[in-house]
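Observations on chain architecture
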Amino acid sequence: MTRLLRYTLLCVLIAIGLIALMLYSLTWRPEAKEVLPVSCNAQAPTLVPGQALKVMTWNVQYLAGKRYVFWNDLAAGNDERPTPEDMAFSLDEVARVIRDEKPDIVLLQELDDGAKASDYQKQFKLLQDRVTDLYPCSAQAFDWKADFVPEPHIFGSVGRQLATLSRYQIEHAERLQLPVASANFISRQFKPKNALLVTHLPLSNGGQMAVFNTHLERATTPLDETLQRQVAAVTKVLDKYESRGTPWLIGGDFNLLPLGQYRRLPAEQRTPYSADSALHVLWDRYPMIPTNNEASGIDRAQWLTHYPNDPGLNGPDRTVDYLFYSPHLKRVEARVRQDDTLRISDHMPVIARFLLPAAP
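Below is a short write-up of the structure. Note that the structure is predicted; figures quoted are calculated from it, not measured.

**Let's talk about the overall build of the protein**
Counting its secondary structure elements, the protein contains eight helices and 14 strands. Against the globule reference of 21 Å for 360 residues, the protein gives a C-alpha radius of gyration of 21 Å, in line with a compact fold. Viewed in the frame of its principal axes, the protein has a C-alpha envelope of about 80 × 50 × 40 Å. With the model as given, the accessible surface of the protein reaches about 16400 Å², and the carbon-plus-sulfur share is 56%. With 39 positive and 41 negative side-chain charges, the protein shows a separation of 4 Å between the mean positions of the two kinds.

**Side note on the sheet that holds strand 11 (residues 288–289)**
The mixed open sheet is built from seven strands, whose spatial order is 1-7-8-9-10-12-11. Both outer strands of the open sheet, strand 1 (33–36) and strand 11, are each paired with one neighbouring strand and no more. In this fold helix 5 (residues 226–244) packs onto strand 7 (172–177), strand 8 (195–202), strand 9 (208–215) and strand 10 (248–253), with an angle of close to 160 degrees to the strand it touches most, strand 10.

**Section: the pairing of strand 14 (residues 350–355)**
As judged from the six bridges shared by strand 3 (residues 52–59) and strand 14, these two strands associate in the antiparallel manner. When the bridges of strand 14 are listed, Leu53 appears paired with Phe354.

**Things to note about the side chain of Ser118**
Tracing the backbone shows Ser118 in the loop between strand 4 (105–112) and helix 3 (123–131). There is a polar contact of 2.7 Å between the side chain of Ser118 and the side chain of Asp112. When sequence neighbours within four positions are dropped, the list of residues in contact with Ser118 reads Met87, Asp112 and Gln123.

**Some words on the state of the cysteines**
Across all of its chains, the model carries one disulfide by this definition. The disulfide bridge from Cys40 ends at Cys137, spanning 1.9 Å between sulfur atoms. Measuring the twist about the S-S bond at about 65 degrees, one finds the Cys40-Cys137 disulfide to be right-handed. In this pair, Cys40 is assigned in strand 2 (residues 39–40) and Cys137 in strand 5 (residues 137–149), connecting sequence segments 97 residues apart. On the basis of relative accessibility, which here comes to 0%, the residue Cys137 falls in the buried class.

**Quick word on the pattern of salt bridges**
Across all of its chains, the model carries 21 salt bridges by this definition. Here Arg67 and Asp86 are joined by a salt bridge, their closest N and O atoms 2.8 Å apart. Of the two residues, Arg67 sits in the loop between strand 3 and helix 2 (84–101) while Asp86 sits in helix 2, which places them 19 residues apart along the sequence. Given a relative accessible area of 61%, Arg67 falls into the exposed group. Of the charged contacts in the structure, one is a salt bridge between Arg337 and Asp340, with a shortest N-O distance of 2.7 Å.

Calculation notes
Residues numbered from 1 in each chain as written. Predicted model: local features only at pLDDT ≥ 70, side-chain atom pairs only at ≥ 80, totals over all residues. Heavy atoms only, no water. Helix = DSSP H or I, 4+ residues; strand = E, 2+ residues; numbered from the N terminus. Rg over C-alpha atoms; globule rule 2.2 N^0.38 Å. Areas by Shrake-Rupley, 256 points an atom, 1.4 Å probe, with all protein chains shown as cover. Lys, Arg positive; Asp, Glu negative; His and termini not counted. Charge placed at Lys NZ, Arg CZ, Asp CG, Glu CD. Pairing = 2+ DSSP bridges. Contact = heavy atoms within 4.5 Å. Axes fitted to C-alpha atoms, helices over the stretch in contact; angles between N-to-C directions. Polar contact = N/O pair within 3.5 Å; in protein donor to acceptor, adjacent residues only side chain to side chain. Disulfide = S-S within 2.5 Å. Buried < 20%, exposed > 50% of the residue type's maximum accessible area, 1.4 Å probe, protein only. Salt bridge = Lys/Arg side-chain N within 4 Å of Asp/Glu carboxyl O.

Following this line, the structure appears as structure tokens:
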């Protein structure tokens, strides 16, 4: 081997090593299971068996509002980031709705933390400051984080979180990693890493309730199996809690349609979905809000939760946000708050009231 060739190979190896080091330092590799810090006031009350519990789940779209068609929307618009004014408006509006509803537990998805596109805001902290008198306990977990993403429309940091607010004591919290989207090794490092945020709420009789918050992978074209694998993983976790007799509920943006809605969408809006929704694995086993009858029945318009960023649409046209719950809980009432939330996010909040199981 000539000296020139040796030097060339050495330079190539050094370059590969530097690239690998940079890739490692810029990206995030969460563990399969991580214990999370919990913020909780010791004076917060404890759940009591048999009591009523009001829950809200809401994807707040990193407070971007509805004046944009972003580059990664299905309609493939030109917008890359919202203005500070729009984010301030949405922050006030989200806080207004939460204060008006006063749910006992709030499950939020798509809150930015340290993302270039949202001016590096800590959005959960901003929101928490506005509702701190209502929610003494909280936990949060990232489901997307990187110091730099080379995608030209991003070309900077990303940071997105799940967040759970509670009026009641949270004993501890965990982050459970879900299967990630298929991609080559390098691309995979920059992709979202969808997860379950699990909060454990103690009961006054010594028992426990589990509350799950999630945002599953965005439906993509061409279809892949990521959503199916994520739903299967979620189901496996819920089965474990159900087998223990632990009451639980889960809320979030599942990015999947209920039975019957696929054929109601125009062809161009159907493309990311499948006629056979992967969500059937969950609804076959556990109660769902909205039910398939509600989401596809005569009053289906009341149960639509998603208003895509698309200039061709003038209102919500599909359901992708849900609450599932253990059969040990009893549904009392449920609805989607649409009337005054259409301009806040591309999703609407799903709200339900339950009765916890009584003490044995």
